[in-house]
Amino acid sequence: IHAFGGRCFAGWDLLGGAHAVDLSTAGGREMLLAACRDERIRYIHFGPPCSTFCRAYVNYTFSPGTGSRSAAVPQGNGRIPKEGIGNKLACLVAEAVVLLTRLGKWWSIEQPSGSLMFKLRSFLGLRGLPGFLSVVFDQCMYGLEELVDDGAAATGCRHRKRTEV
């Protein structure tokens, strides 16, 4: 981005650190929507937590009955707090993306390609936005250091995940 004359602002981290912002609060929501409206900002990349939306959580929960999401009910049953927070953050991302699109700005959302987040009602409409493009690519799984030379020029990683942006 710097090579093209742009500037990058520090990202917000939900997990803490110097740039922690709790987007599940009203104040966090307003901060994000204000950033979307900021004329200096032309692009925002979103990486909402996928933990309760991914296949591993849905299909292989560590304790039976801990997850309530399914392809038929991607929002879950409303009784699991972690899923509720995931839904709230996903809806906020969808709201921000619609605002960015209306303002003629760029955006991207990163999720594993099988994420149930893409099946939420708030996300289904995003595919109809002007200029929408879905891209699926292979990448190394986060935190993996087990690399091999397998002829894959881009990754060289033994364990990959497919990500949709």
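What counts, and at which threshold
- Residues numbered from 1 in each chain as written.
- Predicted model: local features only at pLDDT ≥ 70, side-chain atom pairs only at ≥ 80, totals over all residues.
- Heavy atoms only, no water.
- Phe/Tyr/Trp six-rings, centres within 6.5 Å; stacked < 30°, edge-to-face > 60°.
- Helix = DSSP H or I, 4+ residues; strand = E, 2+ residues; numbered from the N terminus.
- Buried < 20%, exposed > 50% of the residue type's maximum accessible area, 1.4 Å probe, protein only.
- Pairing = 2+ DSSP bridges.

Some details on the packing of aromatic side chains
If you walk through the whole model with that rule in mind, you get two aromatic pairs. Ring plane angle 45 degrees and centroid distance 6.3 Å describe the contact between Trp107 and Phe132, whose orientation is recorded as tilted. Of this pair, Trp107 sits in strand 2 (residues 106-109) while Phe132 sits in the loop between helix 4 (121-124) and strand 4 (136-140), and the two are 25 residues apart along the sequence. Relative to Phe123, the ring of Phe118 has its centre 6.2 Å away and its plane inclined at 70 degrees; by these criteria the two rings are edge-to-face. Assigned by exposure class, Phe118 and Phe123 land together as buried.

Remarks on the pairing of strand 1 (residues 43-46)
Only one face of strand 1 is covered, namely the one carrying Ile44 and Phe46; the face carrying Tyr43 and His45 has none of its residues buried. Two strands pair when backbone bridges link them, and strand 1 and strand 2 are joined in this way by four bridges, in the parallel orientation. Each bridged residue has a counterpart across the sheet, and for Phe46 the counterpart in strand 2 is Ile109.

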